[in-house]
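Here is how the chains run, residue by residue.
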Amino acid sequence: MSDPVRPLPWLEPRWQELVALADAGRLPHALLFSGPHGIGKPSLAEALIARTLCQAPGEVACGHCHACRMLAAGYHPDLMRVSPDEGKRQIRIDAIREINGFVSQTAQQGGYRVIVISPAEAMNVAASNALLKSLEEPGGRTLFLLLSDIPSHLLPTIRSRCQHWSLAVPGEAECLDWLTERLGGREEARFWWQAAGGLPLRALELAEPDSRALRQQLHETFDALVRGAEPVAEAARLDRQALDAILWYGIAWLEDLIRLGLSGESEALRNPDLLPLYRQAVKNGRVRDWFRLLDYAREQRRLLSAGGNPNPQLALEAWLVRWSALLRS
Ligand SMILES: [Zn+2]
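Scoring rules and cut-offs
Residues numbered from 1 in each chain as written. Predicted model: local features only at pLDDT ≥ 70, side-chain atom pairs only at ≥ 80, totals over all residues. Heavy atoms only, no water. Axes fitted to C-alpha atoms, helices over the stretch in contact; angles between N-to-C directions. Helix = DSSP H or I, 4+ residues; strand = E, 2+ residues; numbered from the N terminus. Parallel < 35°, antiparallel > 145°, perpendicular 65-115°, else oblique. Left-handed = near helix turned anticlockwise from the far one by under 90°. Contact = heavy atoms within 4.5 Å. Nonpolar A, V, L, I, M, F, W, Y, C, P; charged D, E, K, R; others polar. Salt bridge = Lys/Arg side-chain N within 4 Å of Asp/Glu carboxyl O. Domains from an automatic or database assignment. Donors = N, O, S within 2.8 Å, 3.2 Å for Na, K, Ca; no water. Tetrahedral: all angles 85-135°; square planar, octahedral: opposite > 155°, others 65-115°.

## Some details on the packing of helix H10 (residues 209-226) against helix H15 (residues 312-328)
Part 1 of the reasoning: With their axes 9 Å apart at the nearest point, H10 and H15 run at an angle of 50° to one another. The orientation of H10 relative to H15 falls into the category oblique. The chirality of how H10 crosses H15 is right-handed. On H15, the residues that touch Thr221, Phe222, Leu225 and Val226 of H10 are Leu320, Trp323, Ser324, Leu327 and Arg328.
Part 2 of the reasoning: Classifying every residue of the contact of H10 with H15 by side-chain character gives 6 nonpolar, 2 polar and 1 charged.

So this is what it looks like as structure tokens:
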């Protein structure tokens, strides 16, 4: 007997909509769940997978029928999960051919077949095109679940064949209890919730020891840059493997700086503990230049997720040189 699979609490309203559709027999055969990383898309998907395969579902999967036990044990013959291979970024056509074979057979347990593709934007063009026919005519009792952080990176032909469920960033009241339970205190929960831009699972990631240490180190780096330290020497101290996280922090701090520079208000800052550093930076830089740096950082992150960076050390140096130029001007 396993615990019934439930979605995270702030996704409960969306869950009720899905349950109502399923109970009315109107669940579409292809759903696209989108929303930023850290919003909890997998929890909604797992609850739906479990309920769809369950032989005696109530509001959620029962947790003790044969299907639920197979699923809890990690294998159900009518469920297929597709993600990039270990260490790879793309979902290739071979994986989609397997899906096409899978949907051409009948379900072994006599119920639904469920196919999960995550992240769906990892499908390359050939893979996407190979999926179209199955997505269009999957046969009866088939559910495609596509998960995507950045749905704009999907081919329009894929998007148009799915019912698109865009998940909204939850409000503080919807997730603060949940975070408080996990982070041990309300102040702590609030701090990381803010730093994560309202994304609860991202908040948990940021509060992990390694991530806290990186944040502290970056704080010191930028403090040093404001005081005129040499950016290339500072870059050598940072972990090149953390380039994506370093850019992510840079983007969050730039958004704070722009907010502070435009309005002068400090209440809405994501990182209020950095206010003294921000004040110094705002004195030296111009908002227009912060916007430019923000565009640069977003583009760097996009390139990184598309193909990796062949020289992360150089990318780190270039990043800090740009910051330094603004902070010293
Ligand atoms: Zn069950």
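## Considering the pattern of salt bridges
Side-chain pairs of opposite charge can arise where the charged atoms are in close proximity.
Part 1 of the reasoning: Under the counting rule described, the total for this entry stands at 22 salt bridges.
Part 2 of the reasoning: In this structure, Lys133 engages Glu137 in a salt bridge whose closest nitrogen and oxygen atoms are separated by 3.6 Å.
Part 3 of the reasoning: Here Arg186 makes a salt bridge to Asp177, at a shortest N to O gap of 3.1 Å.
Part 4 of the reasoning: Through salt bridges with shared partners, one network takes in Arg6, Glu12 and Glu59.

## So, the domain arrangement of the protein
Part 1 of the reasoning: Domains assigned within the protein are domain 1 (9-166) and domain 2 (208-328).
Part 2 of the reasoning: For domain 1 and domain 2, the distance between their C-alpha centroids amounts to 37 Å.

## Details of the coordination of the zinc ion
Put simply, the ideal angle at a metal is 109.5 degrees for four donors in tetrahedral geometry and 90 or 180 degrees for six donors in octahedral geometry.
Part 1 of the reasoning: Taken together, the protein donors to the zinc ion comprise Cys54 (SG), Cys62 (SG), Cys65 (SG) and Cys68 (SG), at separations of 2.2 to 2.3 Å.
Part 2 of the reasoning: Because the angles between the 4 donor atoms bound to the zinc ion fall within 105 to 116°, the donor set is best described as tetrahedral.

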